[in-house]
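For reference, the chains in residue letters:
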Number of protein chains: 2
Amino acid sequence: MNTTHTTPKIETIKEAQERIAGYAHRTPVLTSKQVNEKTGSEIFFKCENFQKVGAFKFRGASNAIFSLSEEEATNGVATHSSGNHAQAVALAAKLRGIPAYVVMPENAPKVKVKAVKNYGAEVTFCESTLEARETTLEKVVKRTGATFIHPYDDARIIAGQGTCAMELLEDHPDLDIIIAPVGGGGLLSGTAIAAKAIKPNIQVIGAEPANANDAYQSFKEGKLIPVQNPNTIADGLRTSLGKLPFSIIIEYVDDIVTVPEESIVEAMRYVWERLNMIIEASCAVPVAAVFDGKVDVKGKKVGIIITGGNVDLENLPW
Amino acid sequence: MNTTHTTPKIETIKEAQERIAGYAHRTPVLTSKQVNEKTGSEIFFKCENFQKVGAFKFRGASNAIFSLSEEEATNGVATHSSGNHAQAVALAAKLRGIPAYVVMPENAPKVKVKAVKNYGAEVTFCESTLEARETTLEKVVKRTGATFIHPYDDARIIAGQGTCAMELLEDHPDLDIIIAPVGGGGLLSGTAIAAKAIKPNIQVIGAEPANANDAYQSFKEGKLIPVQNPNTIADGLRTSLGKLPFSIIIEYVDDIVTVPEESIVEAMRYVWERLNMIIEASCAVPVAAVFDGKVDVKGKKVGIIITGGNVDLENLPW
């Protein structure tokens with residue numbers, strides 16, 4: 001496995017920013033008077049739902065894929081994912097002009113499978129268990145010689161995701177707090193490295209569904225506690241925290257807070273209705289944390305990373 | 001009636017831009033690789049769905065209300081509207097600290113009535129006919145001494161709406177075409193004045209539902225032909241073209257094109273799914289015009305004004 005396992009430095013994130021600049025969007029930061037009045041703070045939404053493939057995942061995937069050596073890249077890249085990372089890898093590989101092999105569970109939403117195929121990736125289906133995904137991936141890698149791009153337990157991915165907070169702080173250097181959702185931890189760890197290097201006294205907080213609170217538990221206990229098939233609408237956050245992200249989060253993150261399912265759905269709908277943008281349930285988690293008073297934001301300037309907007313319109317939670 | 005009836009000049013639009021700068025958002029411009037590939041052009045979406053009150057209408061309303069003399073403003077402002085203009089007037093009046101009186105049809109969506117009341121406006125209900133709206137408004141104006149703010153047949157409104165194209169051309173001076181939807185014509189006329197003054201060889205095109213094609217007919221015939229209760233999902237465009245907008249459109253606009261209802265719904269859904277933003281049916285009209293090949297955009301840089309995003313999530317057209 002060609003993952004890299006060292007905590008990226010701020011310089012690595014700056015390099016990532018330069019590397020992906022021609023490919024990724026510099027996403028807009030939106031504000032809402034209504035949200036500010038409701039929360040008694042100033043909230044700045046960094047809108048990765050308008051990123052390529054509709055999610056921040058493209059930052060990490062494109063940084064990882066464009067930083068491969070010619071030799072590593074020659075046989076293409078492979079990953080397993082039912083979600084945004086699959087699309088991100090497929091598009092980044094297409095842009096680099098190398099093959100992409102994606103292992104997807106056979107029950108993955110058709111629309112996501114279609115999107116991955118549209119980017120030119122070869123899809124291999126497997127049973128819907130982590131074990132099946134890993135063994136199928138192994139076979140694909142053996143057959144093709146492709147380089148595995150892990151969705152979060154990889155320094156290149158983490159550095160790529162860190163570019164998002166870097167942009168946000170370039171646009172709004174006076175933020176007091178940044179909140180990001182935490183699933184595998186790639187985004188939160190990259191955010192923490194970038195934010196603390198740029199502004200050491202900033203608070204970096206992770207937000208997690210109470211129903212999938214492995215990062216919260218791991219953070220409080222100081223050791224990795226994985227989660228088994230958690231039941232949360234925030235499908236992007238069902239995955240367990242990765243090793244490398246955990247080691248970074250323990251060092252750089254100030255707190256992790258959790259929110260119940262009802263609050264996630266309510267915050268999701270609020271953003272749809274008041275901000276007129278489509279966000280996934282996963283990005284409603286930090287919004288819910290603020291609305292529920294889980295983070296003390298009164299009088300503060302707060303950045304929230306809106307991670308993605310890939311939602312099945314036929315299957316809305318209201 | 002305190003409307004103004006002279007075609008605004010580009011200087012007036014520049015003044016409007018300065019006047020509303022502290023109140024209105026400078027909205028982002030989004031692009032989509034998928035849209036560009038689908039159309040063989042470069043499309044720049046000017047996202048007024050992220051404007052205050054969720055629609056470009058706030059530009060015109062705030063310009064009109066902040067340009068009132070102290071004397072004109074002292075008894076507040078009044079309007080009749082079931083839609084975004086009502087909210088825009090209510091918020092702008094609140095920001096200026098003067099009363100707002102809004103006449104709304106008794107069948108107006110509850111969510112819109114609530115929004116208008118939330119901004120502190122006094123709502124008077126009437127029957128759902130243009131006549132009832134106008135006579136009720138007249139009574140309200142007589143009772144209160146408020147200044148009537150017409151939704152589009154007013155130079156201050158037109159100048160305010162023109163600030164949108166001005167911003168778009170500041171961000172992307174190399175546009176070949178700008179397309180805006182046309183209902184009452186305030187946006188299209190303001191867009192045309194701004195765009196042609198800034199870049200005389202730019203094409204300015206209006207897009208209209210085929211089912212409410214009064215602007216198209218008026219443009220082709222060279223005289224105002226009103227429409228009666230047209231049946232289109234694009235509820236923001238059901239209104240007939242206003243006099244002053246018509247006189248400007250005849251002079252400055254290059255063409256008006258129409259699209260069928262199916263294309264509007266399809267384009268609306270496409271934008272929701274691929275751009276992850278919530279747009280009203282009205283703003284899907286120019287998008288549909290491009291997708292249907294009604295405007296020749298091949299190889300061109302095209303600005304499309306996304307006018308608003310206030311949609312009832314319980315009542316989607318799919």
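Parameters at a glance
- Residues numbered from 1 in each chain as written.
- Chains lettered and ligands numbered in written order.
- Predicted model: local features only at pLDDT ≥ 70, side-chain atom pairs only at ≥ 80, totals over all residues.
- Heavy atoms only, no water.
- Helix = DSSP H or I, 4+ residues; strand = E, 2+ residues; numbered from the N terminus.
- Rg over C-alpha atoms; globule rule 2.2 N^0.38 Å.
- Buried < 20%, exposed > 50% of the residue type's maximum accessible area, 1.4 Å probe, protein only.
- Contact = heavy atoms within 4.5 Å.
- Areas by Shrake-Rupley, 256 points an atom, 1.4 Å probe, with all protein chains shown as cover.
- Buried area = accessible area lost by both parts, 1.4 Å probe.
- Salt bridge = Lys/Arg side-chain N within 4 Å of Asp/Glu carboxyl O.
- Polar contact = N/O pair within 3.5 Å; in protein donor to acceptor, adjacent residues only side chain to side chain.
- Pairing = 2+ DSSP bridges.
- Axes fitted to C-alpha atoms, helices over the stretch in contact; angles between N-to-C directions.
- Core = buried A, V, L, I, M, F, W, Y, C linked by side-chain atoms within 4.5 Å.
- Right-handed = clockwise from strand over helix to strand, strands pointing away.
- Least-squares fit on C-alpha atoms with pLDDT ≥ 70 in both.
- Phe/Tyr/Trp six-rings, centres within 6.5 Å; stacked < 30°, edge-to-face > 60°.
- Lys NZ or Arg CZ within 6 Å of the ring centre and 35° of its normal.
- Parallel < 35°, antiparallel > 145°, perpendicular 65-115°, else oblique.

Colleague: Before we move on, can you summarise the overall build of chain A with the specific residues and values?
Modeller: Secondary structure assignment for chain A yields 13 helices and 10 strands. For chain A, whose C-alpha radius of gyration is 18 Å, the value lies close to the compact-globule estimate of 20 Å for 318 residues. In terms of its C-alpha atoms, chain A occupies a principal-axis envelope of roughly 55 × 40 × 40 Å. Burial status across chain A gives 62% buried among its 318 residues. A fraction of 73% describes how many contacts in chain A between residues 6 or more apart in sequence connect residues 24 or more apart. Here chain A displays about 12300 Å² of accessible surface, and carbon together with sulfur accounts for 46% of that area.

Colleague: Lay out the interface of chain A and chain B in plain terms, naming residues and giving numbers.
Modeller: It is common to give the size of an interface as the accessible area that goes away when the parts come together. The interface is formed by 26 residues belonging to chain A together with 26 residues belonging to chain B. Overall, the association of chain A and chain B removes approximately 2100 Å² of surface from exposure, summing both partners, and the carbon and sulfur fraction of that is 56%. Among the salt bridges present, the one from Glu314(A) reaches Arg269(B), with a minimum N-O distance of 2.9 Å. Viewed at the interface, chain B and chain A are joined by 8 residue pairs in polar contact (both at pLDDT 80 or more). Elements that contribute at least two residues to the side of chain A that touches chain B include exactly helix 2 (33–39), helix 5 (84–96) and helix 12 (261–275) of chain A.

Colleague: Kindly report on the sheet that holds strand 4 (residues 100–105) of chain B, identifying the contributing residues and their values.
Modeller: All names here are of chain B. Pairing is parallel in the open sheet, where 4 strands are placed in the order 5-4-3-6. Edge positions in the open sheet fall to strand 5 (122–126) and strand 6 (147–148), since each of these has one partner strand only. In this sheet, strand 4 lies alongside strand 3 (residues 77–80) in parallel orientation, the contact comprising 4 bridges. Paired with Val77 across the bridge in strand 4 is Ala100. Along the sheet face, helix 7 (residues 130–144) touches strand 3, strand 4, strand 5 and strand 6 and points at about 140° away from the line of strand 5.

Colleague: Could you give an account of the nonpolar core, naming the residues involved and the relevant values?
Modeller: By size, the foremost hydrophobic cluster in this structure holds 78 residues, and its most contacted members are Phe45(A), Trp272(A), Met277(A), Phe45(B), Trp272(B) and Met277(B). Filtering out sequence-adjacent residues up to four positions away, Met277(A) remains in contact with Leu30(A), Phe45(A), Cys47(A), Asn49(A), Phe50(A), Val271(A), Trp272(A), Ile306(A), Phe50(B), Asn276(B), Met277(B) and Ile278(B).

Colleague: With reference to specific residues and values, describe the environment of Phe45(A).
Modeller: All names here are of chain A. Relative to the assigned elements, Phe45 resides in strand 2 (residues 42–47). Its relative accessible area of 1% is what places Phe45 among the buried residues. In the structure, Phe45 is positioned 15 residues away from Leu30 in sequence and 5.1 Å away in space, judged by C-alpha atoms. Those residues within four positions of Phe45 in sequence are excluded, and the remaining contacts are Pro28, Val29, Leu30, Val35, Leu275, Met277, Val287, Ile304 and Ile306.

Colleague: Mind laying out the pairing of strand 7 (residues 177–181) of chain A, listing which residues take part and the relevant values?
Modeller: Residues and elements named next belong to chain A. Summarising burial for strand 7: 5 of the 5 residues are buried, a large majority. Across the two faces of strand 7 the burial is the same, with Ile177, Ile179 and Pro181 and Ile178 and Ala180 all buried. Sheet analysis places strand 7 next to strand 8 (residues 203–209), joined by 5 bridges and oriented parallel. Paired with Ile179 across the strands is Ile205, a residue of strand 8. Note that the unit made of strand 7, helix 9 (residues 186–198) and strand 8 has a crossover that is right-handed. Two strands pair when backbone bridges link them, and strand 7 and strand 10 (residues 301–306) are joined in this way by 3 bridges, in the parallel orientation. Each bridged residue has a counterpart across the sheet, and for Ile177 the counterpart in strand 10 is Val302.

Colleague: Give me the lowdown on the relation of the copies chain A and chain B, citing residues and values where you can.
Modeller: Superposing the two chain copies requires a rotation about an axis and a translation along that axis. Overlay of chain A on chain B (RMSD 0.0 Å): rotation 180°, translation along the axis 0.0 Å. The operation mapping one copy onto its partner corresponds to a two-fold rotation axis. By C-alpha distance to the rotation axis, the residue of chain A lying nearest is Met277(A), at 2.2 Å. Looking at chain A, 100% of its interface residues are interface residues in chain B too, so the copies touch through the same face.

Colleague: So what's going on with the packing of aromatic side chains? Residues and values would help.
Modeller: Taken as a whole and assessed by the stated rule, the structure comprises 8 aromatic pairs over all chains. Where Trp272(A) meets Trp318(A), the ring centres are 5.1 Å apart and the plane angle is 85°; that geometry is what we call edge-to-face. With Trp272(A) in helix 12 and Trp318(A) in the segment after strand 10, this pair connects stretches of sequence that are 46 residues apart. For Trp272(A), a relative accessible area of 1% corresponds to the buried category. One aromatic cluster is present, formed by Trp272(A), Trp318(A), Trp272(B) and Trp318(B) through successive ring pairs. Lying across the ring of Phe291(A), Lys38(A) places its NZ or CZ 4.6 Å from the centre.

Colleague: Would you mind going over unusual backbone geometry in detail, with residue names and values included?
Modeller: The phi dihedral of Asn229(A) is positive, around 35°, even though this residue is not glycine. We note that Val53(B) has phi near 55°; this positive angle belongs to a residue other than glycine. Mapped onto the secondary structure, Val53(B) falls in the loop between strand 2 (42–47) and helix 3 (57–66). You can call Val53(B) buried: its relative accessible area is 9%.

Colleague: So what's going on with the packing of helix 1 (residues 10–20) of chain B against helix 3 of chain B? Which residues, and what values?
Modeller: Residue and element names in this part refer to chain B. Where helix 1 contacts helix 3, the two axes come as close as 9 Å, and the packing angle between them is 90°. The angle between helix 1 and helix 3 falls in the class roughly perpendicular. Taken together, the residues of helix 3 that come into contact with helix 1 (itself represented by Ala16, Arg19 and Ile20) are Arg59, Ser62, Asn63 and Phe66.

Colleague: I'd like a rundown of the sheet that holds strand 9 (residues 255–259) of chain B, residues and numbers included.
Modeller: All names here are of chain B. The strand order across the open sheet built from 6 strands is 1-2-10-7-8-9, with neighbouring strands paired in mixed fashion. Both edges of this open sheet fall to strand 1 (29–30) and strand 9, since each of them pairs with a single strand only. The sheet contact formed by strand 2 and strand 10 (residues 301–306) spans 6 bridges and is parallel. Each bridged residue has a counterpart across the sheet, and for Phe45 the counterpart in strand 10 is Ile304.

Colleague: Explain the side chain of Asn84(B) to me, and be specific about the residues and the numbers.
Modeller: Residue and element names in this part refer to chain B. Structurally, the position occupied by Asn84 is in helix 5 (residues 84–96). A distance of 2.9 Å separates a polar atom in the side chain of Asn84 from a polar atom in the side chain of Glu280. Residues in contact with Asn84, not counting those within four places in the same chain, are Val53, Ala55, Lys57, Lys112, Glu280 and Asn310.

Colleague: Report on the environment of Thr7(B), specifying residues and quantitative values.
Modeller: By the element assignment, Thr7(B) lies in the segment before helix 1. The sequence separation of Thr7(B) and Lys294(B) amounts to 287 residues, and the corresponding C-alpha distance is 29 Å.

Colleague: Lay out the side chain of Thr144(A) in plain terms, naming residues and giving numbers.
Modeller: Structurally, the position occupied by Thr144(A) is in helix 7 (residues 130–144). There is a polar contact of 2.7 Å between the side chain of Thr144(A) and the backbone oxygen of Val140(A).

Colleague: Residue-level account of the pattern of salt bridges, with values.
Modeller: Residues and elements named next belong to chain B. What the rule picks out here adds up to 30 salt bridges over all chains. With its nearest N and O atoms 2.7 Å apart, the salt bridge here joins Glu48 to Arg59. Taken together, the residues span a long stretch of sequence, with Glu48 in the loop between strand 2 and helix 3 and Arg59 in helix 3 at a distance of 11 residues. Arg59 matches Glu48 in its accessibility class, with the two residues each being buried. Here Lys196 makes a salt bridge to Asp254, at a shortest N to O gap of 2.7 Å. Here Lys196, found in helix 9 (residues 186–198), pairs with Asp254, found in the loop between helix 11 (243–252) and strand 9; they are 58 residues apart in sequence, far enough to count as distant. Residue Asp254 is classed as partly exposed on the basis of its relative accessible area, which comes to 35%.

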